[in-house]
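The primary structure of each chain is shown beneath.
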Amino acid sequence: MGQKKDLTGSERSNIVRYLAEGCSSLKTAKLLKRDHRTIKRFIQNSQQGRKKRVDKPRRRITAHEVRKVKRAAAKMPLATSLAIFQSCNITGVPKSTRCAILRDMAKVRKAERRPPLNKTHKLKHQDWARKYLRTDVSKVLWTDEMRVSLDGPDGWARGWTGKGQRAPVPLRRQQGGGGVLVWAGIIKDELVGPFRVEDGVKLNSQSYCQFLEDTFSKQWYRKKSASFKKNMIFMQDNAPSHASKYSTAWLARKGIKEEKLMTWPPCSPDLNPIENLWSIITCEIYKEGKRYTSLNRVWEAVVAAARNVDGEQIKTLTEAMDGRLLSVLAKKGGYTGRWTL
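The shown structure was predicted, so the numbers you read here are calculated from the model rather than taken from an experiment.

## Concerning the overall build of the protein
For the protein, the count of helices and strands is 15 helices and six strands. Expressed as a percentage of its 341 residues, the buried residues of the protein come to 41%. Looking at the protein alone, contacts between residues at least 24 apart form 78% of all its contacts between residues at least 6 apart. Roughly 20,600 Å² of accessible area belongs to the protein as shown, and the carbon and sulfur atoms make up 50% of that amount.

Below, the structure written as C-alpha cells:
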C-alpha cells in the first residue's frame with residue numbers, strides 16, 4: 001500500500017481545533033479520515049517544540065591577528081577569505097567569522113575591466129572624437145579580437161578588496177591560455193566573420209597579417225567593389241601586432257592607408273561598437289552557466305551565436321557611433337559607459 005500524503009495546513013488547523021474542543025486523538029482521526037498514528041505523531045512533534053541550538057565554541061581572534069589579516073587583504077586583492085587567513089597561518093576559523101572580520105576592513109568587489117585614464121588619454125579621446133564627427137561612420141569597418149574560454153569570461157570573478165583600495169585591472173591576454181581567439185568586424189549592417197585564429201598561433205605582426213590575408217582579405221575584402229574599397233575606413237586597436245610598421249605596410253599594400261586607416265586613441269574599449277557585439281555573443285554562449293568540454297565546441301557556439309545576430313542589431317551598433325562621439329566630448333574624454341562586455 002502506498003504511503004499517504006502528509007497532513008495539509010487545513011488538516012493541522014482542524015486537529016488543533018478538535019483537540020481544543022475536547023476531542024480525543026482517536027475521534028479526531030475519524031473526523032479527518034486519517035490514520036490514528038498520524039494524528040498522534042503530529043501531537044507528539046508539536047509538544048516537543050524546537051531543539052535549542054548549541055553554539056560550538058569559536059576560535060578567538062587576537063588584535064595582532066586582525067592586523068595581520070588587514071595587511072594580507074591589502075597585499076592580496078580579490079583573494080578569498082580562506083586564502084587571506086591561510087596566508088596569515090590562522091586556521092580553524094569558520095567562514096562566517098572570517099567574513100565578519102573582513103567586512104570591517106574590506107569589501108567584495110569584481111576586478112575592474114576598464115584601464116584607468118590619465119589627462120593625456122582624455123585629450124586624445126577628444127581629438128579623435130572631433131576628427132571623426134565629420135566622418136560617415138557607416139563606411140567604417142570596426143574590427144577586434146575576442147578570446148573565449150571553456151568556462152566563461154575571466155573577469156566575472158569576485159573577491160575581497162580592502163576599503164579605499166581599487167580593484168586591480170586583470171591581465172587580459174589576447175593569445176593562448178586554453179581558449180579560442182576570434183576575429184570579426186562590423187560595418188553598417190554587415191558582420192565580417194567571425195574567423196578563428198589557429199590554435200597555438202601567437203599573433204605577432206607577421207602572423208596577424210597572414211591571418212588577415214587568409215580570412216579578411218581572401219574571404220571578404222577581395223569580393224567588394226572598387227568604389228566600396230575606395231570609401232571604406234579600416235579600424236583596429238593599438239595592439240602591438242596591429243600598430244607595428246610591418247602590419248601598417250601590409251595594410252598599405254591593400255590600399256588601406258592614410259585616411260583609410262583610422263587613428264585609434266589609447267585605452268578606449270568603450271569606443272569600439274564591436275565590443276557590444278562581443279557582449280551579445282558572450283551572453284549567448286555562456287547563458288545559464290553553460291560550460292564547454294573542448295575548444296571546438298566553444299567555437300561552434302560562437303559561430304551559432306554570431307549567425308543569430310541579425311543585420312538590424314549590427315546596424316543599431318554602428319549607427320550609435322555618432323552619439324558615442326558626442327558622448328566622448330560631453331564627458332571631456334572620459335569613459336562613455338557604453339562598453340557592456
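Next comes the rest of the description.
## What about the environment of P94?
Structurally, P94 is set in the loop between helix 5 (81-87) and helix 6 (95-103). Along the sequence, P94 and L82 sit 12 residues apart, while their C-alpha atoms lie 9.1 Å from each other.

## Description of the packing of aromatic side chains
Between two aromatic rings, the relevant description is the distance of the centres plus the angle of the planes. Applying the stated criterion across every chain, the model contains 11 aromatic pairs. Centroid distance W220 to F228: 5.6 Å. Interplanar angle 80 degrees. Geometry classified as edge-to-face. Its relative accessible area of 8% is what places W220 among the buried residues. Ring centres 6.2 Å apart and planes at 70 degrees place the aromatic pair Y286 and Y292 in the edge-to-face group.

## Thoughts on the nonpolar core
By size, the foremost hydrophobic cluster in this structure holds 37 residues, and its most contacted members are W128, W142, V148, M262, I281 and I285. Counting residues per element, the ones that place at least two in this core are helix 7 (119-132), strand 2 (140-148), strand 4 (180-187), strand 6 (233-235), helix 12 (274-285), helix 13 (295-307), helix 14 (311-319) and helix 15 (321-330). When residues of this core are assigned to their parent elements, the largest contribution, seven residues, is made by helix 13. Setting aside chain neighbours within four positions, we find I285 in contact with V148, K290, Y292, A301, V302 and A305. Listed in part, the 21 residues of the second largest apolar core include L141, V192, V197 and C209.

## Remarks on the sheet that holds strand 6
With respect to topology, four strands assemble into an open sheet ordered 5-4-2-6, the strand pairing being mixed. With one partner strand each, in any of the chains shown, strand 5 (190-196) and strand 6 form the two edges of the open sheet. Within this sheet the neighbouring strands show an average axis-to-axis angle of 20 degrees, counted without direction. In this structure, strand 2 lies alongside strand 6, joined through three bridges in parallel fashion. Each bridged residue has a counterpart across the sheet, and for L141 the counterpart in strand 6 is F234. Strand contacts of helix 8 (residues 205-219): strand 2, strand 4, strand 5 and strand 6, with the helix running at about 135 degrees to strand 5, the strand carrying the most contacts. Helix-sheet contacts for helix 13 involve strand 2, strand 4 and strand 5, and the interaxial angle to strand 5 is about 175 degrees.

## A few points about helix 2 (residues 25-32)
Every α-helix carries 3.6 residues per turn, so stepping three or four residues along brings you back to the same face. The set of residues buried in helix 2 consists of T28, A29 and L32. Looking down the long axis of helix 2, one finds its buried residues gathered within 100 degrees of arc, a one-sided arrangement. Downstream of helix 2 by one or two residues, K33 has phi in the positive range, about 60 degrees.

## Observations regarding the pairing of strand 4
Of all eight residues making up strand 4, eight are buried, and the element is well covered by its neighbours. Taking every second residue as pointing to the same face, both faces of strand 4 are buried, with V180, V182, A184 and I186 on one and L181, W183, G185 and I187 on the other. Of the pairings in the sheet, the one linking strand 2 to strand 4 comprises seven bridges and is antiparallel in character. For R147, the partnering residue across the bridge sits in strand 4 and is L181. Where strand 4 meets strand 5, five bridges bridge the pair, whose relative direction is antiparallel. If you follow I186 over to strand 5, its bridge partner there is L191. Hairpin connection between strand 4 and strand 5: a loop of two residues separates the two successive antiparallel strands, and K188 in this loop has a positive phi of roughly 55 degrees.

## A word on the pattern of salt bridges
Throughout the structure, instances matching the rule amount to 12 salt bridges. Measuring nitrogen to oxygen at the nearest pair gives 3.1 Å for the salt bridge that ties R37 to D35. Through salt bridges that share partners, E213, R222 and K254 make up one connected network.

## Section: the packing of helix 7 against helix 15
Relative orientation of the contacting elements helix 7 and helix 15 amounts to 140 degrees, with a least axis distance of 9 Å. In this view, helix 7 runs oblique relative to helix 15, as classed from their interaxial angle. Relative to helix 15, the crossing made by helix 7 is left-handed. Note on element contacts: helix 15 touches helix 7 through M321, L325, V328 and L329, opposite H125, Q126, W128, A129, R130 and Y132. Partitioned by chemical class, the residues of the contact of helix 7 with helix 15 number seven nonpolar, two polar and one charged.

Rules of the game
- Residues numbered from 1 in each chain as written.
- Predicted model: local features only at pLDDT ≥ 70, side-chain atom pairs only at ≥ 80, totals over all residues.
- Heavy atoms only, no water.
- Helix = DSSP H or I, 4+ residues; strand = E, 2+ residues; numbered from the N terminus.
- Buried < 20%, exposed > 50% of the residue type's maximum accessible area, 1.4 Å probe, protein only.
- Contact = heavy atoms within 4.5 Å.
- Areas by Shrake-Rupley, 256 points an atom, 1.4 Å probe, with all protein chains shown as cover.
- Phe/Tyr/Trp six-rings, centres within 6.5 Å; stacked < 30°, edge-to-face > 60°.
- Core = buried A, V, L, I, M, F, W, Y, C linked by side-chain atoms within 4.5 Å.
- Pairing = 2+ DSSP bridges.
- Axes fitted to C-alpha atoms, helices over the stretch in contact; angles between N-to-C directions.
- Arc of directions from axis to C-beta.
- Salt bridge = Lys/Arg side-chain N within 4 Å of Asp/Glu carboxyl O.
- Parallel < 35°, antiparallel > 145°, perpendicular 65-115°, else oblique.
- Left-handed = near helix turned anticlockwise from the far one by under 90°.
- Nonpolar A, V, L, I, M, F, W, Y, C, P; charged D, E, K, R; others polar.

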